[in-house]
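The residues making up each chain are set out below.
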Amino acid sequence: MRRKNINNMIDKIYPYIHKIIKKTFSYLTLPQQKSLALTISAFFDPPSFSLYNIASKLPLDTSNRHKHKHLLRFLDKLLINDDFWKSYITTIFLLPH
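Thresholds, definitions, all that
- Residues numbered from 1 in each chain as written.
- Predicted model: local features only at pLDDT ≥ 70, side-chain atom pairs only at ≥ 80, totals over all residues.
- Heavy atoms only, no water.
- Helix = DSSP H or I, 4+ residues; strand = E, 2+ residues; numbered from the N terminus.
- Contact = heavy atoms within 4.5 Å.
- Core = buried A, V, L, I, M, F, W, Y, C linked by side-chain atoms within 4.5 Å.
- Buried < 20%, exposed > 50% of the residue type's maximum accessible area, 1.4 Å probe, protein only.
- Phe/Tyr/Trp six-rings, centres within 6.5 Å; stacked < 30°, edge-to-face > 60°.
- Polar contact = N/O pair within 3.5 Å; in protein donor to acceptor, adjacent residues only side chain to side chain.
- Patch = residues over 30% accessible without salt bridge, like charges linked within 9 Å, V, L, I, M, F, W, Y side chains within 5 Å.
- Areas by Shrake-Rupley, 256 points an atom, 1.4 Å probe, with all protein chains shown as cover.
- Salt bridge = Lys/Arg side-chain N within 4 Å of Asp/Glu carboxyl O.
- Lys, Arg positive; Asp, Glu negative; His and termini not counted.
- Charge placed at Lys NZ, Arg CZ, Asp CG, Glu CD.
- Axes fitted to C-alpha atoms, helices over the stretch in contact; angles between N-to-C directions.
- Left-handed = near helix turned anticlockwise from the far one by under 90°.
- Nonpolar A, V, L, I, M, F, W, Y, C, P; charged D, E, K, R; others polar.

Engineer: So, the environment of Phe84: which residues are in play, and what are the values?
Structural biologist: Along the polypeptide, Phe84 turns up in helix H5 (residues 82–94). Placed 56 residues apart in sequence, Phe84 and Leu28 show a C-alpha to C-alpha distance of 9.1 Å. With near-sequence residues (within four places) excluded, Phe84 lies in contact with Phe25, Tyr27, Leu78 and Leu79.

This is how it looks when you write it as structure tokens:
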């Protein structure tokens, strides 16, 4: 029952996160924006922060193995550069307080 509630919560929060990501990380491609929003959404289930467990929480209709591969590919391609940090700071200021 708990897993269903968490996935339901992730499904509810994902559109809001994705909207902020699209606005602040506009330099990323659309698939990268979606992956970043999905990854952030997965952090709302706190038991473990290992990559495999984070990947298993992604609300995708595929096996955990494929979710893990998807997350690793996304993280490998994500550049942490000046654009990333500017977008990150903008995101922080866009969050409700």
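Engineer: Before we move on, can you summarise the nonpolar core with the specific residues and values?
Structural biologist: Ranked by size, the top nonpolar core spans 16 residues in total, and within it Ile21, Phe25, Leu36 and Leu71 carry the most contacts. The greatest single-element share of this core, amounting to four residues, is contributed by helix H2 (residues 30–42). Aside from chain neighbours lying at most four places away, what touches Ile21 is Ser26, Gln33, Leu36, Ala37 and Ile40.

Engineer: Can you tell me about the packing of aromatic side chains, naming the residues and giving the values?
Structural biologist: Counted according to the given criterion, the structure contains six aromatic pairs. On the basis of an interplanar angle of 80° and a centroid distance of 5.5 Å, the ring pair of Trp85 and Tyr88 is categorised as edge-to-face. Of this pair, Trp85 and Tyr88 both sit in helix H5, separated by three residues, roughly a single helical turn. Pairwise contacts between aromatic rings join Phe25, Tyr27, Phe84, Trp85 and Tyr88 into one cluster.

Engineer: Now, about the side chain of Thr24: what can you tell me, with residues and values included?
Structural biologist: For Thr24, the position within the fold is in helix H1 (residues 2–24). A polar atom in the side chain of Thr24 sits 2.7 Å from the side chain of Thr91. Apart from the residues within four sequence positions on either side, Thr24 is in contact with Ser87, Thr90, Thr91 and Leu94.

Engineer: So what about a positive patch on the surface? Which residues, and what values?
Structural biologist: Together, Arg65, Lys69, Arg73 and Lys77 make up a positively charged patch on the protein surface. With respect to the helices and strands, Lys77 occurs in helix H4 (residues 64–77). A relative accessible area of 60% places Lys77 in the exposed class.

Engineer: Give me the lowdown on the packing of H2 against H4, citing residues and values where you can.
Structural biologist: The interhelical angle for the contact between H2 and H4, taken along N-to-C directions, is 115°, at an axis separation of 11 Å. The hand of the H2/H4 crossing is left-handed. Residue-level contacts link Gln32, Ser35, Leu36 and Thr39 of H2 to His70, Leu71, Phe74 and Lys77 of H4. Of the residues assigned to the contact of H2 with H4, the class counts are three nonpolar, four polar and one charged.

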